[in-house]
Amino acid sequence: MRRVVVTGLGCVSPVGNSVDETWAAVKAGKSGIAMTTRYDNTPFKVKYCAEVKNFKADDYMDSAAARKMAPYAQYAVAAAKMALDDSGLMGKQEILDNTAVYLGVGIGGLDVTENSMKSYFESNYTRVPPMTIPELIPNEGAGNIALLFGLHGATHTIATACASGTDAIGDALDVIRGGRYDVILAGGAESTICGFGNLSFTVLHALSSKWTDDPTKACRPFDKDRDGFIMGEGSTILVLEEYEHAKARGAKIYAELAGYGSSSDGYHLTAPNPDGICGAKAMTMAMKDAGVKPEEVTYYNAHGTSTKLNDSGETKMLHIAFGDAAKGLHVSSTKSMTGHCLGNAGSLEALMCVKAIQDSYVPATINLDNPDVEGGCDLDYTPNKGIDMPVNVAMSGNFGFGGHNGIVVFKKVEG
């Protein structure tokens, strides 16, 4: 089987507009959650979120191109540029001609939909902005990456809700292993921070709302006082490359993408199956694919949304998949700092796994003051302080509306 490694990284997140900024903030336990500034939050019950801050699209692309993109696509292009620069592939057209893009997007240009529908109704059904469709459709993030950087391999968009970024990385792994491509840009992108997005998740009783006095305390995975997730945004791109191809060109190698597993609950549109069996199946599948035993996994980056159902259900999955090894597993939810970036969640958290391996560091779950042991959250979630320690195998899990379960496994590269 062909091995696949990570040779480039790019990131725009609520805690930093680069990989280094994002990782430094996570290591410092810094929250990116604050009062909403993107729109007037006065009418809304939920008044905070995890916005990308101080982002300037013109730093990454031509301003004329940026004007034709929704924010999620701008973030994707920026992250792709960083990843290509980091990989040393920028400008190597003989490779880019056969480089693919696999991008996970849960929703796409929701803010574009909101603004266009406002124009549609206020004009008595006679007018919408001319770029409405090219900006709102979820495939345009990947399309713009290919367009701006001259990539001519397949350009695919994966939509599996909050598992989209994970599944994009997993699908890319399979394609490279199969020999169709040697290089794929894989990751996720999302930006749904608008009034319409706020209200749409609020009516599902999914969002946290009671921490207005201090939003940095709002995301508290596995804690008794958690009351919902916090909407985030951004994009993360990993350059995935066949190992021998990377070695031949002298590429920097961060880690090996060693395994992927996916499954479907087939249970409920918005709630995970509380028995945890199908999510655990994806975990077991990913470990088998990676050739690792449960006791060999050092770190698990949890989906850890800070909702009652997810956190207890995910813990149950870990008990089923890891057995006795679950008690020795280091778990954390970096969503406690970044919020829930939806289609970008899995790719951002895959990045956390890669950096944990590279930097020998397990990040914390901040705001974990009162673990909800009685509610089924009884593992080591690395509360409030990260740990300096070797990480040889790291796993990330994400679970989306519709019952989508996606798991990826990374290994430290040995030879």
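Preceding this section is the structure that the text describes.
Residues numbered from 1 in each chain as written. Predicted model: local features only at pLDDT ≥ 70, side-chain atom pairs only at ≥ 80, totals over all residues. Heavy atoms only, no water.

A. Representation of the nonpolar core within the structure. Of all hydrophobic cores here, the largest spans 47 residues; its most connected members are Tyr 102, Ile 184, Leu 240 and Phe 410. Of the residues forming this core, the biggest block, eight residues, is contributed by helix 14 (residues 345-359). Setting aside its immediate chain neighbours within four residues, Leu 240 contacts Val 4, Val 5, Val 6, Ile 169, Ala 172, Ile 176, Asp 182, Val 183, Ile 184, Ala 186 and Leu 257. By size, the runner-up hydrophobic cluster in this structure holds 37 residues, among which are Phe 55, Val 77, Ala 78 and Leu 185. (Core = buried A, V, L, I, M, F, W, Y, C linked by side-chain atoms within 4.5 Å. Buried < 20%, exposed > 50% of the residue type's maximum accessible area, 1.4 Å probe, protein only. Helix = DSSP H or I, 4+ residues; strand = E, 2+ residues; numbered from the N terminus. Contact = heavy atoms within 4.5 Å.)

B. Expanded view of the pairing of strand 6 (residues 183-190). In terms of residue burial, strand 6 counts as a mostly covered element, since eight of its eight residues are buried. Bridge analysis of strand 4 (residues 99-104) against strand 6 gives six bridges, and the strand direction is parallel. Paired with Thr 99 across the bridge in strand 6 is Val 183. Summarising the sheet, strand 6 and strand 7 (residues 234-242) pair through eight bridges and their orientation is antiparallel. Bridge assignment links Ala 186 to a residue of strand 7, and that residue is Leu 238. (Pairing = 2+ DSSP bridges.)

C. Structural view of the sheet that holds strand 5 (residues 155-158). Spatially, the 10 strands line up as an open sheet ordered 5-4-6-7-1-8-14-13-9-10, and their pairing is mixed. Strand pairing shows two members of the sheet lacking a second neighbour, strand 5 and strand 10 (330-332), which therefore form its edges. Pairwise comparison of adjacent strand axes, ignoring direction, gives a mean angle of 25° for this sheet. Relative to strand 14 (residues 404-411), strand 13 (residues 393-400) runs antiparallel, the two being bridged by eight bridges. Residue pairing across strands places Val 393 opposite Lys 411, the latter belonging to strand 14. Across the sheet, helix 12 (residues 308-322) lies against strand 9 (299-301), strand 10 and strand 13, angled at about 135° from strand 13, the strand it touches most. (Axes fitted to C-alpha atoms, helices over the stretch in contact; angles between N-to-C directions.)

D. Structural view of a nonpolar patch on the surface. On the surface, a nonpolar cluster with roughly 490 Å² of combined accessible area is contributed by Met 117, Tyr 120, Phe 121, Tyr 125 and Val 128. As for its placement among the helices and strands, Val 128 is situated in the loop between helix 5 (110-122) and helix 6 (132-136). (Patch = residues over 30% accessible without salt bridge, like charges linked within 9 Å, V, L, I, M, F, W, Y side chains within 5 Å. Areas by Shrake-Rupley, 256 points an atom, 1.4 Å probe, with all protein chains shown as cover. Salt bridge = Lys/Arg side-chain N within 4 Å of Asp/Glu carboxyl O.)

E. Seen up close, helix 3 (residues 71-87). Here helix 3 is 17 residues long and its end C-alpha atoms lie 24 Å apart, about the 24 Å a rise of 1.5 Å per residue gives. In terms of burial, helix 3 is largely enclosed, as 13 of its 17 residues are buried. Among the residues trailing helix 3, Gly 88 stands out with phi positive, at a value near 80°. (Expected span 1.5 Å × (residues − 1).)

F. Molecular detail of the packing of aromatic side chains. In the structure shown here, the tally under the stated rule is 10 aromatic pairs. With a centroid separation of 5.5 Å and an interplanar angle of 80°, the aromatic rings of Tyr 39 and Phe 44 are classed as edge-to-face. Residue classification places Phe 44 among the buried positions, given a relative accessible area of 18%. Measuring from centroid to centroid gives 3.9 Å for Phe 222 and Tyr 381, while their planes differ by 10°, and the two rings are stacked. Of this pair, Phe 222 sits in the loop between helix 9 (195-202) and strand 7 while Tyr 381 sits in the loop between strand 11 (361-362) and strand 12 (387-388); the two residues are 159 residues apart in sequence, bridging distant segments of the chain. (Phe/Tyr/Trp six-rings, centres within 6.5 Å; stacked < 30°, edge-to-face > 60°.)

G. Focus on the side chain of Ser 333. Within the secondary structure layout, Ser 333 lies in the loop between strand 10 and helix 13 (335-338). Dropping the residues within four chain positions of it, Ser 333 is found in contact with Pro 221, Phe 222, Ala 302, His 303, Gly 304, Ala 364 and Thr 365.

H. Broad picture of the side chain of Ser 396. With respect to the helices, strands and loops of the structure, Ser 396 is situated in strand 13. The contacts of Ser 396, once residues within four sequence positions are left out, are Tyr 300, Asn 301, Gly 346, Glu 349, Ala 350, Cys 353, Gly 406, Ile 407 and Val 408.

I. Fine view of the pattern of salt bridges. Evaluated as defined, the whole model comprises 15 salt bridges. Among the ionic pairs, Asp 359 bridges to Lys 27, the shortest N-O distance being 2.8 Å. Of the two residues, Asp 359 sits in helix 14 while Lys 27 sits in helix 1 (residues 19-27), which places them 332 residues apart along the sequence. On the basis of relative accessible area, Lys 27 is assigned to the partly exposed category, the value being 32%. With its nearest N and O atoms 2.7 Å apart, the salt bridge here joins Glu 241 to Arg 249. For Glu 241, a relative accessible area of 0% translates into the label buried. Three or more residues are tied together by salt bridges with common partners; here these are Arg 220, Asp 223 and Asp 369.

J. Spotlight on the packing of helix 11 (residues 277-290) against helix 12. At a closest axis distance of 8 Å, the pairing of helix 11 and helix 12 adopts a crossing angle of 45°. Viewed along their axes, helix 11 and helix 12 adopt a mutual orientation that is oblique. For the element pair helix 11 and helix 12, the recorded crossing hand is right-handed. Only Met 317, Leu 318, Ile 320, Ala 321 and Phe 322 of helix 12 make contact with helix 11, whose side of the interface consists of Ile 277, Gly 279, Ala 280, Met 283, Thr 284 and Met 287. (Parallel < 35°, antiparallel > 145°, perpendicular 65-115°, else oblique. Left-handed = near helix turned anticlockwise from the far one by under 90°.)

K. The arrangement of the environment of Ala 206 in detail. Here Ala 206 lies in the loop between helix 9 and strand 7. Residues Ala 206 and Cys 278, 72 residues apart in the sequence, show an inter-C-alpha distance of 22 Å. Apart from the residues within four sequence positions on either side, Ala 206 is in contact with Phe 201, Gly 228, Phe 229 and Thr 307.

On their own, these measurements won't tell you what the molecule is for.
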